[in-house]
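# Descriptive analysis of the structure
As a plain string of letters, each chain reads:
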Amino acid sequence: FERGEDREITLLSKLSRVGQLNDPPFKVIGQQERFELKDRNGRVVIVGKTDATLDFGGGLRPKLEVKNWNPNLTSKISTFEDFFYSPWTRRGGFQILAYLYGSGEPVGFVMLDRAGIPALIPVELEAHLDKMEEFLSKATDAMDHREAGTLPDYIQDSAECRRCWCFGSLCNPPTLSGPGAQVFTDPEIEA
């Protein structure tokens, strides 16, 4: 985490320099600002910190998320849609969408740290509004269960479930649990 934070600081300072030379120029502002997204009932259901905001002046202020992931993941990403092909990068896609949705910004960027020049991936909220609405709906459902003191239903995606750290210890969905080990106590079979 410390290496990632240091790399983020380096990338944002270099981006600030690029912004001064860009046409039109921009500034890197609002680093590590707390972010809250509320549901329709006014409850905070998603929180985070935006890595930065790019200020182009004239009202255009896209959010920027910096990701320092494993090169095996980032080498496969060239468009924003590619974020949703891997369970390991999907959360980054939802993260920037939540920031855009909550701030009312129509566009944003994800900067992927790569060998050589970092990749700047543009994000359009409107093109992915359906994904964002589904994500917000799931967050709202989770908050409903928390307030009611209940647990949500098990997910139906067995691949997603098996990646969860709780699977097999704290959580054993009945549809994914097997019969378990059989213990033989018959002396004849033992012999």
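Summarised in this report is the structure supplied together with it. Per-chain numbering applies: the sequence of each chain, read as written, is numbered from 1 onward. Side-chain atom pairs in this predicted model are given and counted only at pLDDT of 80 or more, local residue features only at pLDDT of at least 70, and totals for whole chains, interfaces and linings cover all residues. Hydrogens and waters are ignored; side-chain quantities use all the structure's heavy atoms.

### Here we look at the packing of aromatic side chains
Going by this rule: Here a pair means two rings of Phe, Tyr or Trp (six-membered ring of Trp) with centres within 6.5 Å. Their orientation is stacked below 30 degrees between planes, edge-to-face above 60, and tilted elsewhere. In DSSP terms, a helix is any run of H or I states spanning at least four residues, a strand is any run of E spanning at least two, and both are numbered starting from the N terminus. Burial classification: accessible surface area is computed with a 1.4 Å probe over protein chains only, and a residue below 20% of its type maximum counts as buried, one above 50% as exposed, and the rest as partly exposed. To sit over a ring, a charge needs its Lys NZ or Arg CZ within 6 Å of the ring centre and within 35 degrees of the ring normal.
The tally for this structure, following the rule as stated, stands at seven aromatic pairs. Between the aromatic rings of phenylalanine 84 and phenylalanine 94, the centroid separation amounts to 5.2 Å while the plane-to-plane angle is 75°, which identifies the pairing as edge-to-face. Of this pair, phenylalanine 84 sits in the loop between helix H2 (71-74) and helix H3 (90-103) while phenylalanine 94 sits in helix H3, and the two are ten residues apart along the sequence. Summarising the burial analysis for this pair, phenylalanine 84 and phenylalanine 94 share the class buried. Sitting over the face of the ring of tryptophan 88, arginine 163 holds its NZ or CZ atom 5.8 Å from the ring centroid.

### What about H3?
An α-helical turn contains 3.6 residues, so any two residues separated by three or four positions project in the same direction. Here is the rule we go by: One less than the number of residues in a helix, times 1.5 Å, gives the span that helix is expected to have. Here a residue-residue contact requires only that any non-hydrogen atoms of the pair lie within 4.5 Å.
Counted at 1.5 Å a residue, the expected span for H3 with its 14 residues is 20 Å, and the 20 Å between its end C-alpha atoms agrees. Where H3 is buried, its residues meet strand S2 (33-38), strand S3 (44-50), strand S5 (63-67), strand S6 (107-112), strand S7 (119-124) and helix H4 (129-148). Immediately beyond the C-terminal end of H3, within one or two residues, lies glycine 104, with a positive phi of roughly 75°.

### Section: the pairing of S7
Our working rule: By the convention used here, strands pair only if DSSP detects at least 2 bridges between them.
Judged by which residues are buried, S7 turns out to be one-sided: Ala119, Ile121 and Val123 face inward and are buried, whereas Leu120, Pro122 and Glu124, on the alternate face, are not. Here S6 pairs with S7 via six bridges, running antiparallel. Residue pairing across strands places valine 107 opposite glutamate 124, the latter belonging to S7. Between S6 and S7, which follow one another and run antiparallel, lie six residues, and glycine 116 among them has a positive phi close to 85°.

### Considering the environment of phenylalanine 26
Assignment of secondary structure puts phenylalanine 26 in the loop between helix H1 (2-21) and strand S1 (27-29). The exposure class assigned to phenylalanine 26 is buried, which follows from its relative accessible area of 9%. With 28 residues separating them in the primary sequence, phenylalanine 26 and leucine 54 have C-alpha atoms 6.3 Å apart. Setting aside its immediate chain neighbours within four residues, phenylalanine 26 contacts Leu15, Val18, Gly19, Gln20, Leu54, Asp55 and Phe56.

### Looking at the side chain of threonine 53
Among the structural elements, threonine 53 can be located in strand S4 (residues 52-55). The buried category is assigned to threonine 53, whose relative accessible area is 3%.

### Section: the sheet that holds S5
Two pairing modes exist for strands in a sheet, parallel and antiparallel, and in both the strands are linked by backbone hydrogen bonds. Here is the rule: For helices, the axis comes from a line fit to the C-alpha atoms of the stretch in contact; other axes are also lines fit to C-alpha atoms, and the angle between any two N-to-C directions lies between 0 and 180 degrees.
Pairing within the open sheet is mixed, and its five strands lie in the order S1-S4-S5-S6-S7. Only two strands of the sheet have a single neighbouring strand rather than two, namely S1 and S7. For this sheet, the mean angle separating the axes of adjacent strands, direction not counted, is 30°. Relative to S6, S5 runs parallel, the two sharing five bridges. Note on S6: the bridge partner recorded for leucine 64 is phenylalanine 109. With respect to the sheet, H3 is in contact with S5, S6 and S7, its orientation differing from that of S5 by roughly 165°.

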